[in-house]
Amino acid sequence: MTAASPEHLRTRGDAGRAAEYPPLPEPLAVGVYDNHTHLEIADGALPIDVHEHLERAASVGVLGAVQVGTDVATSRWSADVAEREPRLLAAVALHPNEAPELEASGTLDDALAVIDELAARPRVRAIGETGLDFYRTADEGRGAQFRSFEAHLDIAKRHGLALQIHDRDAHDEVVETLRRVGAPERTVFHCFSGGEELARLATSEGWYLSFAGNVTFKNAENLRDALRVAPRDRILVETDAPYLTPVPLRGRPNAPYLVPHTVRFMAGVLGADLDEFCEQVASNTVAVYGPWHDDPVRGAAG
């Protein structure tokens, strides 16, 4: 991690930082929400602060976003900024790739206790992103990932919060854990990475599929197959900004204001009326996280 501006905790360390943010897309007539973004990360040749991100988003019909933590520092930052900014809600968690290092240092339980504490704050509406990631973690670190994931499931259920799952190269193990331990009532596969089979299985359990900009990528036919079979009331949209910038803007920084590119593409894949599709996706998002403008009774968002 390199130095970041006062508005951010981190600076993205790859080539994406050399590029400029794309222009504003055509506004949506019916607004939607970005249900997974990382505004703590500064990106691009000229990084954008949180307020500017949300002003740009509002100008094109993106009504709000869920700001997502991945460790203690970013989770605390996410909870704090959501309390100051009515267009943001927060999700807090330890990313699965954090768990082995925390376990090795003897601090995993302490970190989980902080997540549990943050989960009680009213504008924290989800536990995430948590789950399993077998792409970067070797066999010896997977036990810590399972322990962390199961602890996050417990936190979500005790606080009546939604769950945002990070699932990379671990589809079967994620599903087995959700079934064995018990999934929260509102469970979201963030940046859905499976195909038609996982989509059918997950939605049969009542879980939600959140699609990011990679659904637009040429080699992502599996994601489009999943989108086609998903019930409309189980579909969400996200950016995972600053990552996964949709076509035709790949190679440039991503941001919540670029959601219209992805949601238009999704509606096209489905042959759906754009306004009706946006209305459904927005309704789904509020069903998962509750309203942005008010503090709901916990556990009653659905």
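This text follows the structure it describes.
Now for a description of the structure that goes with this document. (Residues numbered from 1 in each chain as written. Predicted model: local features only at pLDDT ≥ 70, side-chain atom pairs only at ≥ 80, totals over all residues. Heavy atoms only, no water.)

This brings us to the packing of aromatic side chains. One pass over the structure, following the stated rule, counts six aromatic pairs. Seen in terms of ring centroids, Y33 and W292 are 4.1 Å apart; in terms of plane orientation they differ by 20°. Their pairing is stacked. Placement of the pair is Y33 in strand β2 (residues 32–37) and W292 in the segment after α10 (274–289), with a sequence separation of 259 residues. Aromatic rings pair up to connect F189, F192, W207 and F211 into one cluster. Over the face of the ring belonging to Y208 we find R234, whose NZ or CZ atom lies 4.2 Å from the ring centre. Taking the ring centre of F217 as reference, the NZ or CZ of R250 above it sits at 3.6 Å. (Phe/Tyr/Trp six-rings, centres within 6.5 Å; stacked < 30°, edge-to-face > 60°. Helix = DSSP H or I, 4+ residues; strand = E, 2+ residues; numbered from the N terminus. Lys NZ or Arg CZ within 6 Å of the ring centre and 35° of its normal.)

Looking now at the packing of helix α2 (residues 72–84) against helix α4 (residues 108–118). For the pair α2 and α4, interaxial distance at closest approach is 10 Å and the crossing angle is 10°. Our classification of the angle between α2 and α4 gives roughly parallel. On α4, the residues that touch V72, S75, R76 and A79 of α2 are A111, V114, I115 and L118. Looking at the contact of α2 with α4, its residues break down into six nonpolar, one polar and one charged. (Axes fitted to C-alpha atoms, helices over the stretch in contact; angles between N-to-C directions. Parallel < 35°, antiparallel > 145°, perpendicular 65-115°, else oblique. Contact = heavy atoms within 4.5 Å. Nonpolar A, V, L, I, M, F, W, Y, C, P; charged D, E, K, R; others polar.)

Remark: α4 packs on helix α5 (residues 142–159), axes separated minimally by 10 Å, with the N-to-C direction vectors making an angle of 20°. Viewed along their axes, α4 and α5 adopt a mutual orientation that is roughly parallel. α4 and α5 meet at a crossing whose hand is right-handed. Taken together, the residues of α5 that come into contact with α4 (itself represented by L108, D109, L112, I115 and D116) are A144, R147, S148, A151, H152, I155, R158 and H159. Across the contact of α4 with α5, the residue classes break down as six nonpolar, three polar and four charged. (Left-handed = near helix turned anticlockwise from the far one by under 90°.)

Within the secondary structure, S204 sits in helix α7 (residues 196–204). Separated by 27 residues in the primary sequence, S204 and T177 have C-alpha atoms spaced 16 Å apart. A polar side-chain atom of S204 sits 2.6 Å from the main-chain carbonyl oxygen of L201. (Polar contact = N/O pair within 3.5 Å; in protein donor to acceptor, adjacent residues only side chain to side chain.)

Another aspect to go through is the sheet that holds strand β6 (residues 124–133). Taken together, the eight strands give an open sheet; going across it, the order is β2-β4-β5-β6-β7-β8-β9-β10, and neighbouring strands pair in parallel fashion. Strand pairing shows two members of the sheet lacking a second neighbour, β2 and β10 (235–237), which therefore form its edges. When the angles between neighbouring strand axes are averaged without regard to direction, this sheet yields 30°. Bridging between β2 and strand β4 (residues 62–68) involves four bridges; their strand directions are parallel. From the neighbouring strand, Y33 faces β4, where its bridge partner is G64. (Pairing = 2+ DSSP bridges.)

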